[in-house]
Amino acid sequence: MSDAPALILPEKSRAIGNDLRRRLGADKVKDDFPTITAYSVDASIYKVVPKAVVQAETEDDIAATVAYAMATGVPITPRAAGTNLTGSAVGEGIILECGRMNRILELNVEEKWVRVQPGLNLTEFNKKLEPHGLMFGPDPSSRDMCKLGGMLSNNSAGPHTLRYGSVKDNVHAIRMHLATGVWLTAEALADGDPATDAFLSSHPSLAETFAMVRKHADLIRSKKPTVSKNSTGYNLFGLVDGLEQGIVDLPKLFVGSEGTLGVISEATFKLVDKPKTTATALIHFRHLEEVGQAVFDLLPLTPMALEVMDGNTLNLINRSAHGVPADAAATLLAEFDGGLGLSITEILERVKAICRKYRLCQDPTIAVEKEHQEQLWKARNALYPTLYRYDAKKKPINYVDDVVVPADRIAELVQYLSAFFKGQGVNVAIFGHIGNGNAHIVPLLDVNDKHDFEAMVAGYHEIHQTVITRFGGSICGEHGDGRVRAEFVRKYFGEELYALFTQVKSAFDPARVLNPGVKISDTPFTEHIDYVRLSKPCATCAKCNSVCPVYDVFQTEDMSSRGWFEIVTAPGYEYLNSKRVVEACVNCKSCRTICPAGVDVSDLIMQKRAEHPNRLAGAVFAWQGMPALFEPFIKLMGRTQGLWDRPLPRRTMERALAPFMRQLASTARLPADMMLPKLAPQLLRERYAALTEEQGHRGPVAYFHGCAANYFQDGVGDAVIAVLRKNGVEPVLPRQKCSGTPIETYGHVDRVKDYARFNVESLSRYDTIVTGCASCTLSLKDYPKWFQGEERKQAEAVAGKVRHVSEFLAGEGLKAAPTRPCRKTVTYHSSCHLRAAGVSKPPRDLLKRIPGVTFVEMRDADRCAGGAGTFCVKDYATSQKIFERKRAAIRDSGAEVVATSCPACMIQLRNGLRGEVEVRHIAELLNEAYEE
Ligand SMILES: Cc1cc2nc3c(=O)[nH]c(=O)nc-3n(C[C@H](O)[C@H](O)[C@H](O)COP(=O)(O)OP(=O)(O)OC[C@H]3O[C@@H](n4cnc5c(N)ncnc54)[C@H](O)[C@@H]3O)c2cc1C
Ligand code: SF4
Ligand code: SF4
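This write-up is about the structure you can find in this document.

### Considering the overall build of the protein
From N to C terminus, the protein includes 43 helices and 27 strands. Over its C-alpha trace the protein gives a radius of gyration of 29 Å, about what one expects of a compact globule, namely 30 Å for 932 residues. Viewed in the frame of its principal axes, the protein has a C-alpha envelope of about 95 × 70 × 60 Å. The buried share of the protein, taken over its 932 residues, is 61%. Taking the contacts inside the protein whose residues are at least 6 apart along the sequence as the reference set, 75% of them involve residues at least 24 apart.

What follows is the structure, given as structure tokens:
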């Protein structure tokens, strides 16, 4: 291969990676450009490029990596999902990622405990617990992205900490590997018990720590933060508290230790009952100072969560977009699950009565339905990355992001902060867990600007000091110290206690290989700030990773949406040094749909592919662009499919096509056992010639059928036409070319633009353009992006008239009610491109209107099924791995039929399900629900 030297030579010079590969195997160690670039960031303001990344799968991998680090002095940084806001999961040596260790090892439902691995994602974990009526209490707002190892090491908390405490309050035991090469199971032991003494003696680092804690118990007690939460320093306070109760509380030492004392491989957690019903109240206050008293009034109703956003935060996230009144000075979100022996309804009545005492902008919004509650929480959960939308240069910077004050002084804190930042001329968002007195303070700054930089440094010292001295608070409630607060830990606790912290660090990590620079460090917080990245539009929050199907399969940052943003925007990026990742994206657009900051990673990747269009795909698209040559071939294949679509000819075909497929991608193949769609012996446009524009048919509604419905005889095109006719529409089949999605996927943007121009011209004359394919829908709605000036306006006009058939019929299009009962249990697979086009509810609404249908919402309905146009042949193996999750969800739903809205998804679903569950397009199901 021509690009071999660029890919291989640098790797040979990478001694650390090579050493580790020899010890762990090539699949688990990476040090190529895309990998070290993706792992050089987390959700903080920092960038540190590692030498190598180990993707551990077993405890032996952890032990071997730690042994190597100890032998060579190369630092090690454990990492889970990399969503911390403090720079604690980046490091200059080896990143030891445990994301693939993500299993539940043991679950005891009766006793409500679970043993887990550190790479398990919190939302996935809770989904697995849900059928048992259980959940894990602490819930950071990053719950869709973060993993249990990171939560443990940061002592994470969240909105529900008010009820359940932080991670440290929910741990029974931790298993971790120490720098000395031994494994330790840390649990609460009885003080004074000979077995405990023997255990401590067998671990000198523990014995030394506990001897020191006993000796300095008075000092530690005197320095204990008096607020409800603290994650700064080592939790020697918890050890003293334990000893006072006769417990050697080992987990307290390690929870919150940020990978600086050992590497966690397992933990045993306490679980709580998942509330059967909850309700959320959204309350907009006209006066900030009234919020504190309202919280005081609400607390006796035992809320599960109380979250506040100040008026400026509401401005920054765009009030009107979130339905926030113009005169709201603060907004409070309160969640309840009953309690005090009262029903939810009674609790809500009391909430309303309390609210009447205050000057609110409007009556509180009360949500009881799960979907409605999620909607109310959506803005809060994505608040920090949403702030990235506010300004191209001024970005939300986390450097005083996590202070805690007594809960009854939070309004005073907000007033102090507002005045302080006003004095600095800095815009700031203040929000947080008001019930705990924990405020997240996120100023918007351009760190490349001298004034802003100086404001940041001054604010860092001034605010932290004020929180300590004036409010008696803590500088960190839940995010951890990391690199950002390490400098201030000494100032917060004073020299004497800080000396004890360094003694603990030395006892466990004398060689300083475990996450140096984090928690215990005098390095100024301004070191390693990523000035380049902080002017980019991505918040590195990793929200997109939580929906990226490729990340779901590989669980590594170099194979993830966030990682790809970082890679393709990095200064050293070249297609040839990053080809394996740039070609791995399935272009499902799920990242774009979910990104709170408005970034479209898939579009960036498509732009990079456009710099190196695939030649074979280009030849195929050129052929397809000549209907006189291409269509006879399709029809011939359609007529003879019964002959060649059999095991033996398909095996021959697979072998014969293999050299061509390799030109598409090294992973591409057309497997003999893959179920292909039925090709059309007579194309849709031929079967419905009378409806074509060419034959003079005219009308206000066009049906843009796209390639699949024309070339495949899968029933979709016929059903769309039939169902439109049954609703009084005689659609026109306008002249059309491929909408462009598959062509863009292989980098041929000039052809996409030509086709877009043709289609815009052709479709401009219609009032409504109905589609039956998710990708065509999105492609047409996205056409404006290809044009400027007048052409753009024309494309925008067309885009505004595009309606997927489900959208059209769920709206005013459904003139005749379907009356023929279906009597089946139906679930819905929500095609990614249709979701990206903003069509998510109408297909479901339509299915529910078919008489006799029992609609069941499946788990993961919104996740990619892995077909993604031609991705299922470009990388069949990965595509099938993506599908495994969908298959399980469909099976668990108990549905007899899975409905979808895209012919391409139908291919993947039919191939994956092999008749186990019927696969139908929504138009087909609806069409059959009309009497003939
Ligand atoms: C949008 C957004 C919202 C957030 N909201 C909250 C919130 O509400 N509450 C909150 O507490 N935090 C919040 N965070 C911060 C962060 O998500 C949490 O701290 C989270 O628990 C970190 O988990 P992670 O899997 O990303 O860990 P990482 O970032 O990968 O790692 C965190 C720390 O854990 C260490 N670590 C990871 N795995 C191991 C292991 N196996 N052994 C030893 N050490 C290990 C790392 O070295 C690092 O020090 C938020 C972040 C974002 C981006
Ligand atoms: S692309 Fe969006 S969702 Fe993904 S990390 Fe960046 S800001 Fe977060
Ligand atoms: S388009 Fe899909 S596969 Fe590609 S980065 Fe986005 S979420 Fe991942």
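Structure's up, so let's keep going.
### Describing the packing of helix 8 (residues 194-202) against helix 9 (residues 204-215)
Helix 9 packs onto helix 8 with a crossing angle of 115 degrees between their chain directions and a minimal axis gap of 5 Å. Overall, the two elements helix 8 and helix 9 adopt an arrangement that is roughly perpendicular. Between helix 8 and helix 9, the residues in contact are Phe-199, Leu-200, Ser-201 and Ser-202 and Pro-204, Leu-206, Ala-207 and Phe-210, respectively. Split into classes, the residues belonging to the contact of helix 8 with helix 9 amount to six nonpolar, two polar and no charged.

### Quick look at the sheet that holds strand 21 (residues 701-704)
The strands making up a sheet associate through backbone hydrogen bonding, with each pair oriented either parallel or antiparallel. A sheet is described by the order of its strands in space; here three strands give the open sequence 21-22-23, paired in parallel fashion. Each of the sheet's edge strands pairs with one partner strand only, and the pair in question is strand 21 and strand 23 (802-804). Recorded for the sheet is a direction-independent mean angle of 30 degrees between the axes of neighbouring strands. As judged from the three bridges shared by strand 22 (residues 768-771) and strand 23, these two strands associate in the parallel manner.

### Brief notes about the site of ligand 2
Looking at ligand 2, there are 13 residues lining it, with Cys-538, Ala-539, Cys-541, Cys-544 and Cys-595 nearest. Residue composition of the shell around ligand 2, by class: 10 nonpolar, one polar and two charged.

### Focus on the side chain of Asp-446
Locating Asp-446 in the fold gives a position in the loop between strand 20 (438-445) and helix 19 (450-469). With no salt bridge to any partner, buried Asp-446 finds its closest opposite charge in Lys-393, at an N-O distance of 4.7 Å.

### What about the site of ligand 3?
Around ligand 3 sit 13 residues, and of these Cys-548, Cys-585, Cys-588, Lys-589 and Cys-591 come closest. Secondary structure elements with two or more residues in the shell around ligand 3: helix 21 (549-554), helix 22 (561-568) and helix 24 (590-594). When grouped by side-chain class, the residues that make up the shell around ligand 3 number eight nonpolar, four polar and one charged.

### As for the sheet that holds strand 26 (residues 897-900)
Reading across from one edge, 25-24-26-27 is the order of the four strands in this open sheet, with parallel pairing throughout. Two strands lie at the open edges of the sheet, namely strand 25 (854-855) and strand 27 (918-921), each paired on one side alone.

### Description of the pattern of salt bridges
Under the criterion given, the structure shown has 80 salt bridges. Its salt-bridge partner being Glu-566, residue Lys-536 comes within 3.7 Å of it at the nearest N-O pair. Placement of Lys-536 in the loop between helix 20 (486-508) and helix 21 and of Glu-566 in helix 22 is noted, with a sequence separation of 30 residues between them. Accessibility classification places Lys-536 together with Glu-566 in one group, the buried group. With a closest N to O distance of 3.4 Å, Asp-862 and Arg-844 form a salt bridge. Taken together, the residues span a long stretch of sequence, with Asp-862 in the loop between strand 25 and helix 40 (871-874) and Arg-844 in helix 39 (residues 841-848) at a distance of 18 residues. Note on Arg-844: relative accessible area 10%, which makes it buried. What emerges from the salt-bridge pattern is a single network uniting Glu-124, Lys-127, Asp-552, Arg-859, Asp-860, Arg-863, Arg-885 and Asp-892.

### Quick notes on unusual backbone geometry
As a rule of thumb, non-glycine residues mostly have phi less than zero, and peptide bonds are mostly trans rather than cis. If you check the backbone angles, Glu-258 has positive phi at about 55 degrees while not being a glycine. Along the polypeptide, Glu-258 turns up in the loop between helix 12 (250-254) and strand 11 (263-270). The backbone phi angle of Asn-318 is positive, close to 75 degrees, even though this residue is not glycine. Tracing the backbone shows Asn-318 in the loop between helix 14 (311-316) and strand 15 (330-336). What makes Asn-318 partly exposed here is its relative accessible area of 39%.

Cut-off values and rules
- Here the residue numbering is sequential within each chain, running from 1 through the sequence in written order.
- Starting at A for chains and at 1 for ligands, labels are handed out in the order in which the entities are written.
- In view of the model being predicted, local features appear only for residues whose pLDDT reaches at least 70, and side-chain atom pairs are presented and counted only at 80 or more, with totals across whole chains, interfaces and linings using the full set of residues.
- No hydrogens and no water enter the side-chain calculation; it runs on all heavy atoms of the structure.
- In DSSP terms, a helix is any run of H or I states spanning at least four residues, a strand is any run of E spanning at least two, and both are numbered starting from the N terminus.
- The size measure is the radius of gyration over C-alpha atoms, and the globule rule it meets is 2.2 Å times the number of residues to the 0.38 power.
- Here the term buried applies to any residue with accessible area under 20% of the maximum for its type, exposed to any over 50%, and partly exposed to those in between, with areas from a 1.4 Å probe on protein chains only.
- We call two residues contacting when some pair of their heavy atoms lies within 4.5 Å.
- Interaxial angles span 0 to 180 degrees and are taken between N-to-C directions of axes, which are lines fitted to C-alpha atoms, for helices over the stretch in contact.
- Any angle that is under 35 degrees is reported as roughly parallel, and any over 145 degrees as roughly antiparallel; angles of 65 to 115 degrees are reported as roughly perpendicular and all others as oblique.
- Nonpolar residues are Ala, Val, Leu, Ile, Met, Phe, Trp, Tyr, Cys and Pro. Charged residues are Asp, Glu, Lys and Arg, and all others, Gly as well, are polar.
- Any two strands between which DSSP finds at least two bridges are classified as paired.
- We call a residue near a given molecule or strand whenever any one of its heavy atoms falls within 4 Å of it.
- Under the convention used here, Asp and Glu are negative, Lys and Arg are positive, and both His and the chain ends fall outside the count.
- Take a side-chain nitrogen of Lys or Arg and a carboxyl oxygen of Asp or Glu: if they are within 4 Å of each other, that pair is a salt bridge.

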